[in-house]
Amino acid sequence: MFNTTLSKNTSAKYITYFILGWTVLNLLQAATLGIHSDEAYYWMYSRFLDWGYYDHPPMVALFIRMGDALIPNELGLRLMTVISSSLSAYLLWLIARRYRADARWFVILFCGVFAFNIYGFTTTPDAPLLLFSVLFYYVYQQYLEKDSWPLALLLGVVIALLLYSKYHGVLLLFFTLLANLKVLKRLTFWVIPVLTVLLYLPHILWQVNHGYPSVNYHLFERSSAVYEFSRTLQYIPAQLLMAGPLVGWLLFYYSSRVKVKDAFIRCLVFNAAGMFIFFWLNTAKGNVQPHWTLIGFVPLLLLVLIRLKQTIVQPVWAYRLAFINAAIIVLFRVMLIAGVPFVKNLPTVKNYFYHDEWAAHIKQKAGNNYVIMPLGFQPASKYNYYTRSLKGFSYDVFDYRRTQYELWPIEDSLQHKKAYYLVTYPLHGPGVDSINTKLGMWYGKWVNNVRTYQKIDILSDRYKVTARPGEAVTFKLQLVNPYSYTVNFGGTRQKDSTVLRACFYEGEEQAILRRADPSFNQLIIPSHQKANYTLTVKAPNVKGKYDLIFSIRTTPFPGGRNSRIVTFTVQ
């Protein structure tokens with residue numbers, strides 16, 4: 001049985017060597033691995049520093065801007081993440097040490113949590129979220145022990161930083177308060193929300209001034225009209241993998257066996273259980289990414305360490321299994337650093353490689369012109385990163401989602417200019433290029449006079465509709481023009497037609513398209529003004545639940561996502 005207790009000096013050496021090794025491993029990973037698609041998107045954030053963005057608060061942009069200013073390559077983009085990961089690990093140890101946790105268990109369990117390895121070098125909003133979540137627990141642990149004004153003020157600052165990192169931080173605050181409502185009786189407590197709101201006010205005002213884009217996206221646009229049981233079914237194995245391929249189940253088991261002896265342990269229990277249950281329930285309304293539960297692994301790890309200390313002896317087999325689990329993950333990361341071919345070409349890893357060569361191929365064709373890609377925000381962002389430019393534009397297609405590209409001024413800059421149109425599927429007509437790259441075959445052609453209306457927002461008089469198969473349904477729409485110029489959807493000098501479409505789609509099925517009549521082309525909307533339009537569409541002939549999007553299409557583009565989802569039920 002594993003029951004040896006380390007001295008304080010020995011524990012300190014273990015932790016010191018671990019933090020140094022962890023930092024070196026993450027630095028090497030950061031320097032040798034190509035940029036992930038999401039990282040490239042957040043690098044774009046850093047080019048347009050602001051108090052908020054369509055998808056997230058601004059902390060990730062600041063992380064990237066600071067590192068990229070020092071080292072303009074992959075290492076620089078990830079530098080702050082590497083530093084914050086090491087700091088998070090040390091703060092976690094300081095929290096666990098107050099419960100006399102074993103340093104050896106801490107090292108192998110931390111190294112074995114797959115989620116911590118990913119965000120040891122990958123720069124997304126989860127990186128600062130992890131740091132400020134751990135910092136919150138560190139300060140809150142002391143605040144529970146000592147009711148003081150300085151600690152309350154510090155908590156207010158930390159919470160603001162947490163919320164500037166990712167909106168998931170709200171869950172941590174909710175479950176923490178739910179676990180200990182007695183804290184409301186402290187006079188010092190009330191300075192915390194006041195200070196937090198004051199510090200967070202710039203982001204709140206940004207949301208107000210931009211029409212609450214993050215609120216609309218997270219609460220409305222991510223919802224799916226069709227429930228898929230597979231999402232719920234896949235959630236549990238995905239979380240076990242994120243906790244550790246071999247020991248994920250063991251972590252959840254040990255954390256569930258902990259004895260709650262104080263308010264801080266109760267806080268950890270509420271947050272661990274609350275996070276994983278909350279996101280499990282969210283599979284009912286849409287796809288839940290495995291990494292969304294990242295901050296749930298912080299209390300989970302602490303609970304396991306506390307439980308191990310509460311147990312007089314621990315089985316040797318559990319320690320050995322945890323060691324093997326950590327060793328496998330670290331070995332895989334070392335092989336990735338070394339560039340072992342079969343590892344680099346794994347489907348989940350290949351996304352990190354070859355985009356620098358791909359971007360160079362595309363730039364040879366496009367030159368210094370804009371490149372328009374209706375393929376999500378990822379390819380355009382990677383093109384911008386590896387060409388160190390802002391010439392890539394993500395055209396947000398109606399069956400994808402809106403992104404920050406709809407708020408940036410890039411679209412305004414390419415209007416009525418010549419641009420290169422790039423896709424991954426064959427294009428028709430003369431002048432089509434076929435570009436063979438390590439990322440597959442790409443197809444491109446020139447558009448001589450670009451017109452797009454990505455920023456036109458279409459508001460509907462209703463967002464839940466029930467109809468019979470084939471029934472005619474009328475919508476009263478309001479089109480909002482945010483541009484600095486008048487929008488004319490017809491115009492005698494416009495060579496290409498403009499079309500308003502109602503796009504029905506069910507899950508991954510191909511969209512059913514309904515086109516507005518030519519009266520739409522008579523609409524003229526002055527700058528920063530609105531126009532009303534009545535659209536009658538025929539419901540799909542097959543019963544079911546559909547997502548309906550209103551989309552404005554100009555040739556040769558597929559049509560943008562110009563509205564929120566309308567939940568449309570045919571019965």
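Analysis parameters
Residues numbered from 1 in each chain as written. Predicted model: local features only at pLDDT ≥ 70, side-chain atom pairs only at ≥ 80, totals over all residues. Heavy atoms only, no water. Patch = residues over 30% accessible without salt bridge, like charges linked within 9 Å, V, L, I, M, F, W, Y side chains within 5 Å. Areas by Shrake-Rupley, 256 points an atom, 1.4 Å probe, with all protein chains shown as cover. Salt bridge = Lys/Arg side-chain N within 4 Å of Asp/Glu carboxyl O. Helix = DSSP H or I, 4+ residues; strand = E, 2+ residues; numbered from the N terminus. Buried < 20%, exposed > 50% of the residue type's maximum accessible area, 1.4 Å probe, protein only. Pairing = 2+ DSSP bridges. Axes fitted to C-alpha atoms, helices over the stretch in contact; angles between N-to-C directions. Parallel < 35°, antiparallel > 145°, perpendicular 65-115°, else oblique. Left-handed = near helix turned anticlockwise from the far one by under 90°. Contact = heavy atoms within 4.5 Å. Phe/Tyr/Trp six-rings, centres within 6.5 Å; stacked < 30°, edge-to-face > 60°. Core = buried A, V, L, I, M, F, W, Y, C linked by side-chain atoms within 4.5 Å. Nonpolar A, V, L, I, M, F, W, Y, C, P; charged D, E, K, R; others polar.

**Student:** Requested: an account of a nonpolar patch on the surface, with residues and values cited.
**Tutor:** Residues Val-197, Leu-201, Ile-204, Leu-205, Val-208, Tyr-212, Val-215, Leu-219 and Phe-220 make up a contiguous nonpolar surface patch of about 740 Å² in total accessible area. Of all elements in the fold, only helix 10 (191–209) and helix 11 (213–221) reach the threshold of two or more residues within the nonpolar patch. For the nonpolar patch, the element with the highest residue contribution is helix 10, accounting for 5 residues. Within the fold, Phe-220 resides in helix 11. By relative accessible area, which is 36% here, Phe-220 ends up partly exposed.

**Student:** Any details on the pattern of salt bridges? Residues and values, ideally.
**Tutor:** For the structure shown, the criterion picks out 14 salt bridges. Of the charged contacts in the structure, one is a salt bridge between Arg-388 and Asp-68, with a shortest N-O distance of 3.1 Å. Within this pair, whereas Arg-388 is found in the loop between helix 20 (377–387) and strand 2 (392–394), its partner Asp-68 is found in helix 3 (residues 59–70), the two being separated by 320 residues in sequence. Given a relative accessible area of 39%, Arg-388 falls into the partly exposed group. Among the charged side chains, a salt-bridge network with shared partners connects Arg-47, Asp-68 and Arg-388.

**Student:** So what's going on with the pairing of strand 15 (residues 566–570)? Residues and values would help.
**Tutor:** Most of strand 15 is tucked away: 4 of the 5 residues are buried. With 5 bridges connecting them, strand 14 (residues 544–554) and strand 15 associate as antiparallel partners. The residue of strand 15 that forms the bridge with Lys-545 is Thr-569.

**Student:** Let's hear about the sheet that holds strand 13 (residues 530–538): which residues, and what values?
**Tutor:** Reading across from one edge, 6-8-13 is the order of the 3 strands in this open sheet, with antiparallel pairing throughout. Each edge of the open sheet carries a strand with a single partner, namely strand 6 (457–460) and strand 13. Shown here is a sheet whose adjacent strand axes are inclined to one another by a mean of 35°, direction ignored. Bridge count between strand 6 and strand 8 (residues 472–480): 4 bridges; the pairing is antiparallel. Its bridge partner being in strand 8, Leu-459 is matched across the sheet by Gln-478.

**Student:** Describe in detail the packing of helix 14 (residues 263–282) against helix 15 (residues 297–310), supporting the description with residues and values.
**Tutor:** Two elements in contact, helix 14 and helix 15, have axes separated by 8 Å at closest approach and are oriented at 130°. When the axes of helix 14 and helix 15 are compared, the pair comes out oblique. The two elements helix 14 and helix 15 cross, and the hand of that crossing is left-handed. Note on element contacts: helix 15 touches helix 14 through Phe-297, Pro-299, Leu-300, Leu-302, Leu-303, Ile-306 and Gln-310, opposite Ile-265, Leu-268, Val-269, Asn-271, Ala-272 and Phe-276.

**Student:** Give a detailed account of the packing of aromatic side chains, specifying residues and quantitative values.
**Tutor:** In total, this model carries 49 aromatic pairs according to the counting rule given. Taken together, a centroid distance of 6.3 Å and an interplanar angle of 85° make the contact between Tyr-137 and Phe-264 edge-to-face. Of this pair, Tyr-137 sits in helix 7 (residues 126–145) while Phe-264 sits in helix 14, and the two are 127 residues apart along the sequence. Taken individually, Tyr-137 and Phe-264 each receive the classification buried, so the pair is uniform in this respect. The interplanar angle of 80° and the centroid separation of 5.0 Å between the aromatic rings of Tyr-405 and Trp-408 together place this pair among those described as edge-to-face. With a relative accessible area of 1%, Tyr-405 lands in the buried category. Taken together, the ring pairs connect Tyr-41, Tyr-42, Tyr-45, Phe-48, Tyr-53, Phe-377, Phe-393, Tyr-405 and Trp-408 into an aromatic cluster.

**Student:** Go over the nonpolar core, please, and point to the residues and values.
**Tutor:** Core analysis: the biggest nonpolar cluster contains 88 residues, and Phe-106 and Leu-109 have the highest contact counts within it. Here this core takes 11 residues from helix 7, the largest share from any one element. Those residues in contact with Leu-109 that lie beyond four places of it in its chain are Leu-251, Leu-301, Val-304, Leu-305, Leu-308 and Ala-322. Ranked by size, the runner-up nonpolar core spans 49 residues in total, among them Leu-77, Tyr-383, Phe-393 and Val-450.

**Student:** Go over the packing of helix 4 (residues 74–97) against helix 7, please, and point to the residues and values.
**Tutor:** Contact pair helix 4 / helix 7: the axes reach a minimum separation of 9 Å and the direction vectors enclose 25°. The pairing of helix 4 with helix 7 is recorded here as roughly parallel in orientation. The way helix 4 lies across helix 7 gives a crossing that is left-handed. In this structure, helix 4 contributes Thr-81, Ser-84, Leu-87, Ser-88, Leu-91, Leu-92, Leu-94 and Ile-95 to the contact, and helix 7 contributes Ala-127, Leu-130, Leu-131, Val-134, Leu-135, Tyr-137, Tyr-138 and Gln-141. Per-class residue counts for the contact of helix 4 with helix 7 are 12 nonpolar, 4 polar and no charged.

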